[in-house]
Amino acid sequence: MAVEQGRRDFLGMAFGGVAAVGGIFALGAMKKSWDPLPSVQAAGFTTVDLSPMEVGELRTIEWRKKPIFILRKDPKMQKNPNRDVVVDNSEFTVVIGLCTHLGCIPSWKPSTQEFICACHGGVFDASGVNTFGPPPRPLDIPPFKIEGTKLVLGEEGPEYAKLVGKA
Ligand code: FES
């Protein structure tokens with residue numbers, strides 16, 4: 001019994017390790033294909049103007065070596081007042097694009113309007129809320145503040161404080 005338990009623990013650790021390494025490779029591969037919005041990076045802050053984004057468009061930018069997903073929600077997408085960032089009369093999803101299970105980078109699937117994590121089948125809705133599989137919580141929201149139509153990543157503004165319950 002103890003041996004079997006030990007074997008399961010080992011397999012769990014080995015699988016977790018493979019998934020983590022896979023996540024790192026995926027991060028490297030994806031970094032090459034990121035399509036940064038015109039952004040200004042300085043001292044850990046990244047400023048992104050959201051106004052040029054099309055409705056329904058997803059962009060991935062890099063902030064402190066992490067992928068950040070920015071989705072300008074289509075009006076038909078479900079609103080989520082606990083997670084939506086409202087800029088330029090639109091709701092945006094702004095999340096760190098690392099699965100909350102073991103850190104792989106999920107992909108956006110426009111046909112179902114979900115983020116799918118290929119590592120173990122985790123699914124997140126358009127607001128980044130986990131809806132299926134092993135992820136234990138929604139995708140994390142990075143610290144941000146809003147300046148007009150600009151998103152400043154790296155600084156905690158009142159909009160961020162409200163979403164994460166610090167307001
Ligand atoms: S890393 Fe396991 S489901 Fe995403």
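Worth saying up front: this structure is predicted, and the values here are computed from it rather than measured.

Visitor: Whenever I open this one, the sheet that holds strand β5 (residues 85–87) confuses me. Can you help?
Guide: Strand pairing in a sheet is mediated by backbone hydrogen bonds. Such pairs are either parallel or antiparallel. Pairing is antiparallel across the open sheet formed by 4 strands, whose spatial order is β3-β4-β6-β5. The sheet is open, and its two borders are formed by β3 (58–63) and β5, each paired with just one other strand. Taken pair by pair, the neighbouring strands of this sheet meet at an average axis angle of 30°, ignoring direction. With 3 bridges connecting them, β5 and strand β6 (residues 90–96) associate as antiparallel partners. Across the sheet, V85 pairs through a bridge with F92, a residue of β6.

Visitor: What should I look at first to understand the environment of D88 in this one?
Guide: If you trace the backbone, D88 turns up in the loop between β5 and β6. A sequence separation of 60 residues divides D88 from G148, and the C-alpha atoms of the two residues are 7.9 Å apart. Ignoring any residue separated from it by four or fewer positions in sequence, one finds D88 in contact with L50, S51 and T149.

Visitor: How should the sheet that holds strand β10 (residues 130–132) be read in this particular structure?
Guide: Pairing within the open sheet is antiparallel, and its 4 strands lie in the order β7-β8-β9-β10. Since the sheet does not close on itself, it has two edges, and those belong to β7 (107–109) and β10, each with one partner. Taking the axes of each pair of neighbouring strands and ignoring which way they run, one obtains an average angle of 35° across the sheet. Across 3 bridges, β7 lies against strand β8 (residues 114–117) in antiparallel orientation. Bridge pairing in β8 links K109 to E114.

Visitor: I would appreciate a short explanation of the pairing of strand β9 (residues 122–125) in the present structure.
Guide: When a strand is regular, its side chains alternate between the sheet's two faces. One ladder, built from 4 bridges, connects β8 with β9; its direction is antiparallel. Directly across from F115, in β9, lies its bridge partner F124. Taking the residues that link successive antiparallel strands as the turn, the β8-β9 hairpin has 4 residues, and the phi of G121 there is positive, at about 80°. Taking the residues between adjacent antiparallel strands as the criterion, β9 and β10 are bridged by 4 residues, where G128 takes a positive phi near 85°.

Visitor: Would you explain the nonpolar core in this entry?
Guide: Among soluble globular proteins, nonpolar side chains are generally buried collectively. Core analysis: the biggest nonpolar cluster contains 22 residues, and L50, I68, I70, F92, V94 and L151 have the highest contact counts within it. For this core, the elements supplying multiple residues, two or more each, are β3, β4 (66–72), β5, β6 and β12 (150–153). It is β4 that provides the largest number of residues to this core, a total of 4 residues. The residues contacting L50, other than those within four sequence positions of it, are I70, V87, D88, F92, T149 and L151.

Visitor: Explain unusual backbone geometry here, please?
Guide: Both trends apply: most residues other than glycine have a negative phi, and most peptide bonds are in trans. Of note, K65 is a non-glycine position whose phi angle comes to about 70°, a positive value. Of note, K65 is situated in the loop between β3 and β4. With 7 C-beta atoms counted inside 10 Å, the residue K65 sits in the exposed group. For D88, which is not glycine, the phi torsion reads 55° and is therefore positive. For D88, a count of 15 C-beta atoms within 10 Å translates into the label partly exposed.

How each quantity is defined
Residues numbered from 1 in each chain as written. Predicted model: local features only at pLDDT ≥ 70, side-chain atom pairs only at ≥ 80, totals over all residues. Pairing = 2+ DSSP bridges. Helix = DSSP H or I, 4+ residues; strand = E, 2+ residues; numbered from the N terminus. Axes fitted to C-alpha atoms, helices over the stretch in contact; angles between N-to-C directions. Contact = placed C-beta atoms within 7 Å. Core = buried A, V, L, I, M, F, W, Y, C linked by C-beta atoms within 7 Å. Buried ≥ 20, exposed ≤ 12 C-beta atoms within 10 Å, placed from the backbone.

In short, geometric facts, not functional conclusions.
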